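# Results of the structural survey
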Amino acid sequence: MHRKITVKTITLLLFLVSFTGFAGGDAEKGDQKSEIKEYIQHHLKDSYDFSLLSYTTDSGEHKYIGAPLPIILWDNGLKVFSSSKFHHGETVAEVDGNFYKQYHSKIYKTDAEGTINYDADHHPTNVKPLDFSITKGVVMILITGLLMFFLFRGLARSYATNGGIAKGVGRFFEPIVLYIRDDIAVPNIGKEKYMKYMPYLLTVFFFIWFLNIFGLTPLGVNVTGNIAVTACLALLTFLLTNFTGTKDYWKHIFDPLGDSMPWYAKIPLYIILIPIEVLGIFIKPFSLLIRLYANMQAGHIVLMSLIGLMFIFKSWIGSPMSFGLAFAISLIEILVALLQAYIFTMLSALYFGFAAETHDHAEEHEGEIQHL
């Protein structure tokens, strides 16, 4: 009986939410959905200014609260100016007689009217100058780098001045550092070679973790949801893995069967095995970048969509439910932020372990003789 009443109650609530949330006109609902979708896309993209929030005045003017960032272009010479000249993509910037327009988060060279030309597939054909601008994503990367530098420099100093015992905020981070060393680096790489990889493992773990947490704050900069950033991190893991790989690592790739059978018997198998092994070299870092990018991007999309539902429902039931779900997802995202940093670090350590693997064939052979 209780179960039937609960089902009826939930059904009634869902009906009320649907009725009150979608009772408005289709045109108004469509406009709201388009506006929310555009806002989500804007949140996910990088930008040339650091905007905290925006609003529209009664006269229809868009007001932005934030700070402009420097635009650095190479177009027959260095062009440096403030992103405020674009006015968030609404105006054309004139610099030394040249005109530039911000269009879909990219900068194109144009005329005084801001004309954008298109090809048959509706892709812009205007010249794109080399862009070295400081975007909001770059700003957050610099802030995170400085935070890590001062944080761990203080931790190192506390070891030196306090007899090898951390103090202050270092007491919180010391167990994490020890965990990465004892439970990630040593088991996967080995006690003999883990130390040369520790600086990278510690850096990439805290770098990803801090950026993920910053993305959940009101600053809302989705740096790790940018595939260019995750690709660079994966590229570093790829380079470290292959440039530090031992001869046994490369032998496993190009001679995976070893001495288990004669060379003429291995040739037909190696036609298939070697391309697969070589392809695996690139698939591993690719999986790293896609996993981090997709998880963080999806988390932000879900969170922003739930917040947008509050403006679509506009009811005393639908809006609180949307807020509650958004709050719950935010708590889950805090865990995901840490989990993604852990997974990236763990897999990087695993790949380093493959690269650092060595086999002492002489000792193995001697052990086999003694056993016989």
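Report on the accompanying structure. (Residues numbered from 1 in each chain as written. Predicted model: local features only at pLDDT ≥ 70, side-chain atom pairs only at ≥ 80, totals over all residues. Heavy atoms only, no water.)

With that out of the way, let us pick up the nonpolar core. Soluble globular proteins tend to pack their nonpolar side chains together in the buried interior. Counting 46 residues, the largest nonpolar core has Ile189, Leu201, Phe206, Trp209 and Phe344 as its most contacted members. When residues of this core are traced back to their parent elements, those giving at least two are α3 (136-161), α4 (170-189), α5 (198-215), α6 (227-243), α8 (263-313) and α9 (318-356). Among the elements that line this core, the one with the most residues is α5, at 12 residues. When sequence neighbours within four positions are dropped, the list of residues in contact with Phe206 reads Met148, Phe152, Phe173, Ile176, Val177 and Ile180. The next biggest cluster of nonpolar side chains, apart from the first, holds 9 residues, and it includes Tyr48, Leu73, Phe86 and Val95. (Core = buried A, V, L, I, M, F, W, Y, C linked by side-chain atoms within 4.5 Å. Buried < 20%, exposed > 50% of the residue type's maximum accessible area, 1.4 Å probe, protein only. Helix = DSSP H or I, 4+ residues; strand = E, 2+ residues; numbered from the N terminus. Contact = heavy atoms within 4.5 Å.)

This part takes up the packing of α6 against α9. Running from N to C, α6 and α9 cross one another at 20°; their axes reach a closest spacing of 9 Å. Taken as axis vectors, α6 and α9 run roughly parallel relative to one another. Of the two possible hands of crossing, α6 and α9 adopt the one that is right-handed. For the pair formed by α6 and α9, the contact residues are Leu233, Ala234, Thr237, Leu240 and Thr241 on the first element and Phe344, Ser348, Tyr351, Phe352 and Ala355 on the second. Its residues assigned to classes, the contact of α6 with α9 comprises 7 nonpolar, 3 polar and no charged. (Axes fitted to C-alpha atoms, helices over the stretch in contact; angles between N-to-C directions. Parallel < 35°, antiparallel > 145°, perpendicular 65-115°, else oblique. Left-handed = near helix turned anticlockwise from the far one by under 90°. Nonpolar A, V, L, I, M, F, W, Y, C, P; charged D, E, K, R; others polar.)

Let us look at the pattern of salt bridges. Scanning all chains against the criterion turns up 3 salt bridges. Lys109 is paired through a salt bridge with Asp75; the nearest N and O atoms lie 3.1 Å apart. Here the residue Lys109 occupies a position in strand β7 (residues 106-110), and Asp75 occupies one in the loop between β3 (70-74) and β4 (78-82), the gap between them amounting to 34 residues. Residue Lys109 is classed as partly exposed on the basis of its relative accessible area of 26%. Close ionic contact of Asp182 with Arg181 constitutes a salt bridge, the shortest N to O distance being 2.7 Å. Assessed through its relative accessible area of 37%, Asp182 is described here as partly exposed. Residue classification places Arg181 among the partly exposed residues on the basis of a relative accessible area of 30%. (Salt bridge = Lys/Arg side-chain N within 4 Å of Asp/Glu carboxyl O.)

Quick look at the sheet that holds β4 now. Strand order in the open sheet formed by 3 strands is β4-β3-β8, and the pairing between neighbours is antiparallel. The open sheet is flanked by β4 and β8 (130-131), the only strands paired with a single partner. Where β3 meets β4, 5 bridges bridge the pair, whose relative direction is antiparallel. Across the sheet, Trp74 pairs through a bridge with Leu78, a residue of β4. (Pairing = 2+ DSSP bridges.)

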